[in-house]
Amino acid sequence: DDASESDDDSANADGPPPNGGGPRSTAGTRAITVDEPTGGLTAGLDPVVQRTDGTWIAWGDGDADFDVTDERSCVAVPPGEEAYTLRRLELSEEAVDSYYYGFSNRVLWPLCHGFPDLIEDRSNDFEWYRTVNERFADAVADHASTDAVIWIQDYHLALAPRMVRESVPASATVAHFWHIPWPMPSTFRHCPAGGQLLEGLLGNDLLGVHVDRYADRFLECVDRFLPNATVDRSRRTVRYDGDTTRVVATPMGVDAESYDREARSSGPDRLSDLFEEYGIPTGTTIGLGLDRLDYTKGIPERLTALERFFERNPGWRGEFTFVQKATPSRTEIETYERHGELVRSEVQRINRRFETADWRPIVYTEDVLPQEAICSLYRRANVMVVSPLVDGMNLVAQEYIAASVDGDGTLVLSDRTGAHERLGSHALTIDPTDTDRFAAQLERALSMSPHERRWRMNTLRQRVFDGDIRSWMDTQFDWIRRVHGGRRRSETG
Ligand code: GDG
């Protein structure tokens, strides 16, 4: 997993890497050997790209530290025979600072998650955002033939759809999936260059989001901030500048089978090595949290609820251990740095308060773990706690369910996640800011009868397998086919 092996789009491999799969580069001499893709977006898309024979255009900054949980490292070598063409765009340090750590993650991320106070509008960031979007659009234009389907991912590329639309054949289809929430108009009005972003996104024929409320809010924002657009809320379409954009809510799933398979192959040895390495007492009941270290994920709120739980339930001290795996992310941004400090000091404080000679209530690690270890933890965890303050979907909740092959784990889930829309009624719901109720749900999870636990988990597993990543992809492509057909008809007619 060495991103430094990679290089710009003019210095890639001639043939497939030794494992027989992987991206075909467009030119050059060096193989890209990044494996183990993680991060919500990458984890979701990689199996999909393995099944298609398209061109993946990705940002690759060859010399940056490789962070497998960051969506920017979205390059993967598939293990199978399939191959796809990979085109990497190299960005200068200044571009990365302004485009990625600037407008994308200092403006759009906090804005879309409803934290307008955290927006940092630095000069030049938006200009770089535009420039990088243009570079992506140019790269697309180099590859897009008549009838091409262009599928753009996420908030880093909000201006690109219109640029792409203007440079590819009229019969090509431009689609986009927006992986994070769409904010309410009262929040969106804080967005610098908000009108330009909306215009950019309306270059799409299809715009996908996870859940209905994000689609509705997007349409509300268009209605309010783009006076020349015509919004049809019941059909979820927008007519703007001679083109129509259809907005659809298609909740993303996970590769449930592979989590199930990996969890089943997790033997006692793997688990005991892991427990020994992190000092997790083997005999205790285990709670688990697994997140990027991001202020949206509700980790401090979770720690406060755990503290309340141990206050109220002295009998569980020494009997229940909470494992929190938090992966540092976007640490160049001070807000993230400060957030990390807060989480670490809270863990320390709570541990000091309750720990005994041979037990700590919270085992905390910032290590990046291989997928096998994650699956072993998922399978072993009696309670999984997913408590974001806001989250577009949250794949971790679904991965946990897919890996709960023994059917006896319990999910405690924030009602502010996209995942709650499809899983909420059979998980134990929490409002992450309501500490008392949160602690009460932890108590309930730990004292639930085996029968109820199994019944809930079986229902959840059914949902996660029914709505897995393949079914999500099928839905995407059904919609893409629909709008593609419409586009061709209007071309010929
Ligand atoms: C965005 C949206 C939406 C984490 N640590 C390790 C590791 N992970 C993997 C998990 C999971 C992924 O990272 C995190 O996905 P999430 O969905 O929870 O969150 P975001 O990264 O914020 O993703 C989110 C998603 O996009 C998809 O649309 O659900 O709402 O914010 O897959 O397993 N994986 C490994 N080691 C780690 O240490 N192997």
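Residues numbered from 1 in each chain as written. Predicted model: local features only at pLDDT ≥ 70, side-chain atom pairs only at ≥ 80, totals over all residues. Heavy atoms only, no water.

(A) Focus on the overall build of the protein chain. A count of helical and extended segments in the protein chain gives 17 helices and 15 strands. The burial tally for the protein chain puts 59% of its 493 residues in the buried class. Within the protein chain, contacts between residues at least 6 apart in sequence are counted, and of these 77% link residues at least 24 apart. Carbon and sulfur atoms make up 45% of the accessible area of the protein chain, which amounts to about 19400 Å² in all. (Helix = DSSP H or I, 4+ residues; strand = E, 2+ residues; numbered from the N terminus. Buried < 20%, exposed > 50% of the residue type's maximum accessible area, 1.4 Å probe, protein only. Contact = heavy atoms within 4.5 Å. Areas by Shrake-Rupley, 256 points an atom, 1.4 Å probe, with all protein chains shown as cover.)

(B) Summary view of the packing of helix α13 (residues 395-403) against helix α16 (residues 450-466). As a packed pair, α13 and α16 sit with axes 9 Å apart at the nearest point and diverge in direction by 115°. In terms of their interaxial angle, α13 and α16 are classed as roughly perpendicular. Note that α13 runs across α16; the crossing there is left-handed. Taken together, the residues of α16 that come into contact with α13 (itself represented by Gln398, Tyr400, Ile401, Ala402 and Ala403) are Met457, Leu460, Arg461, Val464 and Phe465. When the residues that make up the contact of α13 with α16 are grouped by side-chain class, the tally is eight nonpolar, one polar and one charged. (Axes fitted to C-alpha atoms, helices over the stretch in contact; angles between N-to-C directions. Parallel < 35°, antiparallel > 145°, perpendicular 65-115°, else oblique. Left-handed = near helix turned anticlockwise from the far one by under 90°. Nonpolar A, V, L, I, M, F, W, Y, C, P; charged D, E, K, R; others polar.)

(C) Looking closely at the packing of aromatic side chains. For the coordinates displayed, the defined rule picks out 25 aromatic pairs. Linked through ring pairs, Trp59, Tyr99, Tyr100, Tyr101, Phe103, Phe126 and Tyr129 together constitute an aromatic cluster. Stacked on the ring of Trp109, the Lys or Arg Arg330 has its end atom at 4.2 Å from the ring centre. (Phe/Tyr/Trp six-rings, centres within 6.5 Å; stacked < 30°, edge-to-face > 60°. Lys NZ or Arg CZ within 6 Å of the ring centre and 35° of its normal.)

(D) Region of the structure containing the packing of helix α9 (residues 268-278) against helix α12 (residues 371-380). Interaxial distance between α9 and α12 falls to 10 Å at its minimum, and their mutual angle equals 95°. When the axes of α9 and α12 are compared, the pair comes out roughly perpendicular. Between α9, through Arg270, Leu271, Leu274 and Phe275, and α12, the contact on the second element is made entirely by Glu372, Ala373, Ser376, Leu377 and Arg380. Residue classes in the contact of α9 with α12 are distributed as five nonpolar, one polar and three charged.

(E) Inspection of the sheet that holds strand β9 (residues 243-249) at higher detail. Strand order in the open sheet formed by six strands is β4-β5-β6-β9-β8-β7, and the pairing between neighbours is mixed. In this open sheet, the two strands that pair with only one neighbour each are β4 (149-153) and β7 (230-232). Strand-to-strand twist across the sheet, computed as the mean angle between neighbouring axes with direction ignored, equals 20°. In the sheet, β7 pairs with strand β8 (residues 237-240) via three bridges, with the strands oriented antiparallel. Each bridged residue has a counterpart across the sheet, and for Asp232 the counterpart in β8 is Thr237. Where helix α4 (residues 160-167) meets the sheet, its contacts fall on β4, β5 (173-177), β8 and β9, and the angle it forms with β5 comes to roughly 170°. (Pairing = 2+ DSSP bridges.)

(F) Highlighting α9. Of all the positions in α9, only Leu271, Leu274, Phe275 and Tyr278 are classed as buried. Along the long axis of α9, the arc covered by the buried residues comes to 95°, so they all point the same way. Among the exposed residues of α9, those oriented more than 90 degrees off its buried face are Asp269, Asp273, Glu276 and Glu277. For α9, the elements touching its buried residues are β10 (285-292), β12 (362-365) and α12. (Arc of directions from axis to C-beta.)

(G) View of the sheet that holds β12. An order of β12-β11-β10-β13-β14-β15 is seen for the six strands of this open sheet, with the pairing classed as parallel. Looking at which strands have only one partner, the edges of the open sheet turn out to be β12 and β15 (428-430). Taken pair by pair, the neighbouring strands of this sheet meet at an average axis angle of 20°, ignoring direction. When strand β13 (residues 383-386) meets strand β14 (residues 410-414), the two strands line up parallel, connected through four bridges. Along β14, the bridge assignment pairs Val385 with Val412.

(H) Quick look at the site of the ligand. The full set close to the ligand counts 27 residues, and His179, Arg292, Leu369, Asp391 and Glu399 are the nearest of them. Met393 places a main-chain nitrogen or oxygen 2.8 Å from an oxygen atom of the ligand. The separation between an oxygen atom of the ligand and a polar side-chain atom of Glu399 is 2.5 Å. Look at the ligand: alone it shows 740 Å² of surface, and the protein chains cover 97% of it. Elements with a minimum of two residues in the shell around the ligand: α1 (40-50), β10, β11 (320-327), α12 and α13. (Near = heavy atom within 4 Å. Polar contact = N/O pair within 3.5 Å; in protein donor to acceptor, adjacent residues only side chain to side chain.)

(I) Structural view of the environment of Val363. Within the element layout of this structure, Val363 appears in strand β12. Using a relative accessible area of 2% as the deciding quantity, one classes Val363 as buried. Along the chain, Val363 and Phe322 lie 41 residues apart, while their C-alpha atoms are 6.2 Å from each other. If sequence neighbours within four positions are ignored, Val363 has contacts with Tyr278, Gly279, Ile280, Thr321, Phe322, Val323 and Gln324.

(J) Just the pattern of salt bridges, in detail. Per the stated rule, a full pass over the model turns up 35 salt bridges. It is possible to trace a salt-bridge network through shared partners that takes in Glu307, Arg308, Glu311, Arg312, Glu346, Arg349, Arg353, Asp436 and Glu443. (Salt bridge = Lys/Arg side-chain N within 4 Å of Asp/Glu carboxyl O.)

(K) Just a negative patch on the surface, in detail. Residues Asp269, Asp273, Glu276, Glu277 and Asp367 make up a contiguous surface patch of negative charge. Summarising the element assignment, Asp367 is placed in the loop between β12 and α12. (Patch = residues over 30% accessible without salt bridge, like charges linked within 9 Å, V, L, I, M, F, W, Y side chains within 5 Å. Lys, Arg positive; Asp, Glu negative; His and termini not counted. Charge placed at Lys NZ, Arg CZ, Asp CG, Glu CD.)

(L) The arrangement of the nonpolar core in detail. With 64 residues, the main nonpolar core has Tyr129, Ile150, Trp178, Trp182, Leu197, Phe218 and Val222 as its most contacted residues. Examining the composition of this core, we find that 11 residues originate from one element, helix α2 (residues 93-112), more than from any other. Dropping the residues within four chain positions of it, Trp178 is found in contact with Cys112, Asp154, Tyr155, Ala158, Leu201, Leu207, Gly208, Val209 and His210. Counting 45 residues, the second-largest nonpolar core is a separate cluster that includes Leu274, Tyr378, Ala397 and Trp472. (Core = buried A, V, L, I, M, F, W, Y, C linked by side-chain atoms within 4.5 Å.)

So yeah, pure geometry; function would need other evidence.
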